[in-house]
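Reading the structure
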Amino acid sequence: MKPTPKYFQAPVRRQEDPRLLTGKGCYLDDIKLPDTLHATFVRSAHAHAFLRDIDTSAALAMAGVIAVYTAADLAAELVSLRMPIAFPEGQLPEHVMPYVLTLKEAVHVGEAIAMVVAVSRHIAEDAADAIVVDYQPLPAIVDAREVLAADAPFSRLETGSNTYKTLNFGYGDCASAFAGAAHVFRQELSTHRGLGSSMEGRGVLARFDPATAEMTVWSSTQMSHELSHTVAHMLQLDENHVRVIAPDVGGAFGAKYLVYPEEIAVPAAARKLGRPVKWIEDRREHFLSAIQERDAFWSLEIALDADARILGVRGRMVHDQGAYAPHSYNVPYNAATSLPGAYVVPHYDLEVVLAQTNKVPVIPVRGAGYPQSNFAMERLMDCAARELGLDRTEIRRRNLIAATAMPYVTPLKNRAGTPIVYDSGDYLKTQEHALAAAAYADFPARQRAARLQGRHIGIGIAQAVKGTGRGPFESARVKVASTGRVAVYTGALEMGQGIKTSLAQICADELGVAMDMIDVVAGDTGHIPYGLGGFASRQAITAGTSTLLAAREVKQKAIKVAAHMLDAAEEALEVRDGRVQRKDRDEDGIPLAKIAAQLRGLPGYAFPAGVSAGLEATNMFRIDALAYANAFHVCEVEVDIDTGEVKILRYIAVQDCGKLINPQIAAGQIHGSIAHGIGNTLFEWMAYDADGQPITTTFADYLLPTALDVPHIELIWLETPSPINPLGIKGAAEAGIVCVGSAIASAIDHALEPFKVHIADVPIRPMKLLELIDAGRIPAASATPRPQALETAAAAEPWRNAQ
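Computed from a prediction, not measured in an experiment: that's the story for all the values here.

**Details of the nonpolar core**
- Ranked by internal contacts, the top residues of the largest apolar core, which has 135 residues, are W298, Y348, M377, I748, L752 and L769.
- When residues of this core are assigned to their parent elements, the largest contribution, nine residues, is made by helix α10 (residues 370-388).
- The next biggest cluster of nonpolar side chains, apart from the first, holds 40 residues, and it includes V488, C507, I559 and V611.

**Here we look at the sheet that holds strand β27 (residues 616-622)**
- Read from one edge to the other, the open sheet built from four strands follows the order β23-β22-β21-β27, with strand pairing classed as mixed. Strands with a single pairing partner mark the edges of an open sheet, and in this sheet they are β23 (518-522) and β27. Averaged over neighbouring strand pairs, the angle between their axes works out to 15° when direction is ignored.
- With seven bridges connecting them, strand β21 (residues 473-480) and β27 associate as antiparallel partners. Bridging from a neighbouring strand, K479 pairs with E616 of β27.
- Along the sheet, helix α14 (residues 499-511) contacts β21, β22 (486-490) and β23; its crossing angle with β23, the most-contacted strand, is approximately 135°.

**A closer look at the sheet that holds strand β8 (residues 183-191)**
- Strand order in the open sheet made by the six strands is β7-β17-β16-β15-β8-β31, with mixed pairing throughout. Each edge of the open sheet carries a strand with a single partner, namely β7 (163-171) and β31 (761-762).
- As paired strands, β7 and strand β17 (residues 347-356) are joined by eight bridges and run antiparallel to one another. Across the sheet, G170 pairs through a bridge with D349, a residue of β17.

**Points about the packing of α10 against helix α18 (residues 740-751)**
- Taken N-terminus to C-terminus, the directions of α10 and α18 make an angle of 30°; their axes are 9 Å apart at the nearest point. When the axes of α10 and α18 are compared, the pair comes out roughly parallel. In the crossing of α10 with α18, the sense of the turn from one axis to the other is right-handed. The residues of α18 that touch α10, namely those facing N374, F375, E378, R379, D382 and R386, are G741, S742, A745, S746 and D749.
- Within the contact of α10 with α18, the residues separate by chemical class into two nonpolar, four polar and five charged.

**Topic: the state of the cysteines**
- Evaluated as defined, the whole model comprises zero disulfides.
- Unpaired in this structure, C657 has its nearest cysteine sulfur neighbour in C739, at a distance of 11 Å.
- For C657, a relative accessible area of 0% corresponds to the buried category.
- No disulfide involves C739; its sulfur sits 10 Å from that of C635, the nearest cysteine.
- On the basis of relative accessible area, C739 is assigned to the buried category, the value being 0%.

**Things to note about the side chain of K359**
- Here K359 shows up in the loop between β17 and α10.
- Note on K359: relative accessible area 6%, which makes it buried.
- Polar contacts involving the side chain of K359 include one to the main-chain carbonyl oxygen of V142, which spans 3.0 Å.
- Ignoring sequence-local partners within four residues, the contact set of K359 consists of V107, H108, V142, R193, D295, D320, G322, A323 and Y688.

Rules used in this analysis
- Residues numbered from 1 in each chain as written.
- Predicted model: local features only at pLDDT ≥ 70, side-chain atom pairs only at ≥ 80, totals over all residues.
- Heavy atoms only, no water.
- Core = buried A, V, L, I, M, F, W, Y, C linked by side-chain atoms within 4.5 Å.
- Buried < 20%, exposed > 50% of the residue type's maximum accessible area, 1.4 Å probe, protein only.
- Helix = DSSP H or I, 4+ residues; strand = E, 2+ residues; numbered from the N terminus.
- Pairing = 2+ DSSP bridges.
- Axes fitted to C-alpha atoms, helices over the stretch in contact; angles between N-to-C directions.
- Contact = heavy atoms within 4.5 Å.
- Parallel < 35°, antiparallel > 145°, perpendicular 65-115°, else oblique.
- Left-handed = near helix turned anticlockwise from the far one by under 90°.
- Nonpolar A, V, L, I, M, F, W, Y, C, P; charged D, E, K, R; others polar.
- Disulfide = S-S within 2.5 Å.
- Polar contact = N/O pair within 3.5 Å; in protein donor to acceptor, adjacent residues only side chain to side chain.

In structure tokens, the structure reads:
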């Protein structure tokens, strides 16, 4: 008997690639509908201002302009001008949501004020320039730490506050732990905001059919079903009459994990005008209005006993949430609950201030709070090692959660309200493999030799844990057609990460068919009624398991029908090579195509008892717990002390993502997330001036890493299967980014030890690095040391009083 190929855990080529690589992809702007109109948006020129008047007369008089809508004009088309709450009620008030078009008060540069619809995009742009907005500028909050000042101006007069909320996370008795500590060290740290910067920007195309009252929306989105529900709600349409289709999506990285105001304004205009309307985000709009992430300021202390074991961590994080909170406080919640990381932290106390500023709103970008907290914790560990004269690897070894403690239940809870449980992993083994691959023990000799040549090289390390597979479910419908082809319909989204290939691998193995017989349709609400989409490294676990279970149900159904047709016992049959066959021989098999045809319903054919029509099944695998991937990265850098340039010489990543559906795809995701992390750490700087004006709004100013900046990545896989899903898998798309900044900062510290440079902020910009180097050149007697250690039995808590 010829064995059926096994695809799970095989590095098969992506099914998506031939079409994309030959120019046959279909992205949003490739969709051409007859009589399509084009929209553009007038956006606020001020970070904070009253809108005294909007004069649209000149724009309306221009040839080719079909309509101009302000908030007042659009209000009659919508159930509300404010976007609906997209998170559980009670977390934050309704006013944290943005407006479809703002009515009176603009609260960040780039906020949409008016929409122009014209016969072409260039006419719409010209008309938008002709609209005159009379602004009354107001003071803006730009630095999130300003909200701590009692006399700070309000960032939004509408709310009368500069904070959304103050949260407290903790357990144990930090005060006692710190009072009895042998060592206490303090760090002031910050991470800076950046963008998703996907190759394809956002965009939406809408068509309304008045005869059927059906709305079809194409969007470059990460969440088709949420967009469908929101369009139906906002336009008061029957949910069954709204279809959202995600075409090929040219990257997202979190920036499309949101229903944006434009995605409501465009369908509203399409219905009102009776013609399709399209809007495509240009790159400047991406800088001005697409969400961002990572702004956080940390004041932290770590307490250790005489053996350098952690007793507690405490402090404050000021999180810059921006002008709105469209996804509530997901990012700071993730950061606060992931701060302990891979370490045993017996006592913990963190205050989180959610600052309302006059900048673009924040929701998760790749990593979703984990890179910030990892940077904070790993900097604390490096600081403690330095002050205690320990090797950085040793202090980590002493504090790692042991493999024998798995599953490790922490005292913290996730956003679903269930305990955070690290399901599996051997963190020490991950570290040991990385250090061995890096020849870590030999690096001091290499460093000494380099210094004799006038070169400053260093080696950095960082440990990471990342929760993946966020629930509560994802959908999959597996259907066998009478041609024998198999369709997998899912609420998951394909954004370039290869989820279609992964689901096809899972389905092919379970059904015993060749992968090229499987078609995966993702992100089309017309094929499957429920779904959550792509975010939080979730789809392999949630959609993958749903596909497995749905395919398994289809297989059992096929065997049941075949047993009836062959007059055989079900247990004597198996599915192989697209046929249900006897286990002991190849003949007498029945093709799945024939079974599917029979189950369409044929006159005179009796279904077996308990069998329903159609060779198909739908599954929505339910899960609330997360599967925790872990990693240890080693980075070697060289720093030019005259220019501040940092060159990465070598990068080693040991990753445990459980079982890998497709090692080639998983490797690509790790490579991409490390490149993303390098950009966040060394290049990407979303700068604002004192008035809240963004000043890095092109890729000439906001730098991304190039092929010359990203080194060859030495990737080593470890495998500890997750016990919480039947595939044993963990997410990979974000697992690589979490500790990149920490490892690079650690390496720079090590390279610049002679100058006593200690990185506290990312991105690490050359001019700032030169300032630190120059400060280190000053003779020690005249230098002002950076406060690193508080060797007191009962350290103060300065952040408690900094109001």
